[in-house]
Amino acid sequence: MTSPKPDVPIRDAATVILVRDPETNPAVLMGQRGKMAAFMPDKFVFPGGAVDVADTEVALASSLSDLCQARLSAENSGASPTTLATAAIRELWEETGLRLAREMAWDPAAGWDTFGPAGIAPDASALSFFCRAVTPPGRPRRFDARFFLADAAAIWGDPDDFSSAEDELSHLHWAALTEVRKLNLPFITRVVLAELQAHLPSTSAPDRVPFIRNDTIDSEVIWL
């Protein structure tokens, strides 16, 4: 009789729900993972990924709100709120070429030299902590993902310019909220979209943040 495989470690991660025209014709930025990807193959997802060690070394132009920082620090958060916000900005930049940034004097950290022209710094002020979810047991990779909501108006540059994106996501596009559920979506993305539809047109911090723990096979939702 073979022994069950040990579960994989859970990594901190950050994801950005970027919304365009939230008050008139809301659309969210989506991209498709590769068919051979180890995690969520062929699924359309929001830009995001695991926290890197270097995310602790980046100086942001502005931080998250005090409310978002307090919520991110609850329930044994792991990575610091600033590190999570930095990871969210970096993943958005790497996977889509879009930058949450503003003009100010800034000394780029290692690996951030191509973030933008001189005087452009990553800015977390537009990010609102919106949801937290842990990947269920038994998956090839597990993440403790924090979802951040932001208005696309905070993007520095052209929100349709994906020319600097890396190749992790394909078919990058703005999907109308009325049409996005027709895509091949992970379950957690559908959950987040339902929360988003109830929250719009606001892109500020919600009254409370759902935390889908998935510590065991049975999911548990608590509110932060």
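Treat the numbers as computed from the prediction; the structure is a model and nothing was measured.

**Notes on the pattern of salt bridges**
Under the defined criterion, the tally for this structure stands at 11 salt bridges. Between R33 and E168 there is a salt bridge, with the nearest N and O atoms lying 3.3 Å from each other. Here the residue R33 occupies a position in strand 2 (residues 27-33), and E168 occupies one in the loop between strand 8 (142-151) and strand 9 (169-176), the gap between them amounting to 135 residues. When its relative accessible area of 14% is taken as the criterion, R33 is described as buried. With relative accessibility at 39%, the residue E168 sits in the partly exposed group. Here R90 makes a salt bridge to E94, at a shortest N to O gap of 3.1 Å. With R90 and E94 both in helix 2 (residues 81-96) and 4 residues apart, this pair spans about one turn of that helix.

**Quick notes on the nonpolar core**
Membership of the largest hydrophobic core comes to 41 residues, with the highest contact counts inside it found for L18, L127 and F148. Elements with a contribution of two residues or more to this core: strand 1 (10-20), strand 2, helix 1 (66-72), helix 2, strand 6 (120-122), strand 7 (128-134) and strand 8. Once you skip the residues sitting within four places of it in the chain, L127 turns out to touch V16, L64, C68, A85, A88, I89, L100, F148, L149 and A150. Residues A13, V19, I188 and L200 belong to the second largest nonpolar core, which totals 25 residues.

**Quick word on helix 2**
Since one α-helical turn is 3.6 residues long, residues separated by three or four positions face the same way. When the terminal C-alpha atoms of helix 2 are compared, their 22 Å separation across 16 residues agrees well with the 22 Å that a helix rising 1.5 Å per residue should span. One or two steps after helix 2, the chain reaches G97, where phi turns positive at roughly 85°.

**Some thoughts on helix 3 (residues 187-199)**
Across its 13 residues, helix 3 extends 19 Å between first and last C-alpha, which sits within 8% of the 18 Å expected from 1.5 Å per residue. Of the positions making up helix 3, those classed as buried are I188, T189, V192, L193, L196 and H199. Across the axial projection of helix 3, the buried residues extend over an arc of 135°, all falling on one side. Turned more than 90 degrees away from the buried face of helix 3 sit F187 and A198, all of them exposed. Buried residues along helix 3 sit against strand 1, strand 2, strand 3 (44-45), strand 7, strand 8 and strand 10 (210-212).

**What to know about the state of the cysteines**
Scanning all chains against the criterion turns up 0 disulfides. Unpaired in terms of disulfides, C68 finds its nearest cysteine sulfur in C131, a separation of 13 Å. Looking at C68, the relative accessible area reads 1%, which means it is buried.

**Quick notes on unusual backbone geometry**
Omega for the peptide link from L200 to P201 comes to 15°, which places this bond in the cis form. Along the chain, the position of P201 falls in the loop between helix 3 and strand 10. Despite not being glycine, D21 shows a phi value in the positive range, around 50°. Looking at the secondary structure, you find D21 in the loop between strand 1 and strand 2.

**With respect to the packing of aromatic side chains**
Under the definition given, this model contains 7 aromatic pairs. Considering the side-chain rings of W93 and F115, the 5.1 Å spacing of their centres and the 85° angle between planes classify their relative orientation as edge-to-face. Of this pair, W93 sits in helix 2 while F115 sits in the loop between strand 5 (101-103) and strand 6, placing them 22 residues apart in sequence. Taking the relative accessible area as the measure of exposure, W93 reaches 10% and is therefore buried. Of the residues examined, F115 reaches a relative accessible area of 0% and is grouped as buried. A ring pair is formed by W106 and W112, whose centres lie 6.3 Å apart and whose planes are at 80°; its orientation type is edge-to-face. You can call W106 buried: its relative accessible area is 16%. Looking at W112, the relative accessible area reads 3%, which means it is buried. By way of ring pairs, the aromatic residues W93, W106, W112 and F115 are connected into one cluster. Against the face of F211 rests R132, its NZ or CZ located 4.1 Å from the ring centre.

Conventions we followed
- Residues numbered from 1 in each chain as written.
- Predicted model: local features only at pLDDT ≥ 70, side-chain atom pairs only at ≥ 80, totals over all residues.
- Heavy atoms only, no water.
- Salt bridge = Lys/Arg side-chain N within 4 Å of Asp/Glu carboxyl O.
- Helix = DSSP H or I, 4+ residues; strand = E, 2+ residues; numbered from the N terminus.
- Buried < 20%, exposed > 50% of the residue type's maximum accessible area, 1.4 Å probe, protein only.
- Core = buried A, V, L, I, M, F, W, Y, C linked by side-chain atoms within 4.5 Å.
- Contact = heavy atoms within 4.5 Å.
- Expected span 1.5 Å × (residues − 1).
- Arc of directions from axis to C-beta.
- Disulfide = S-S within 2.5 Å.
- Phe/Tyr/Trp six-rings, centres within 6.5 Å; stacked < 30°, edge-to-face > 60°.
- Lys NZ or Arg CZ within 6 Å of the ring centre and 35° of its normal.

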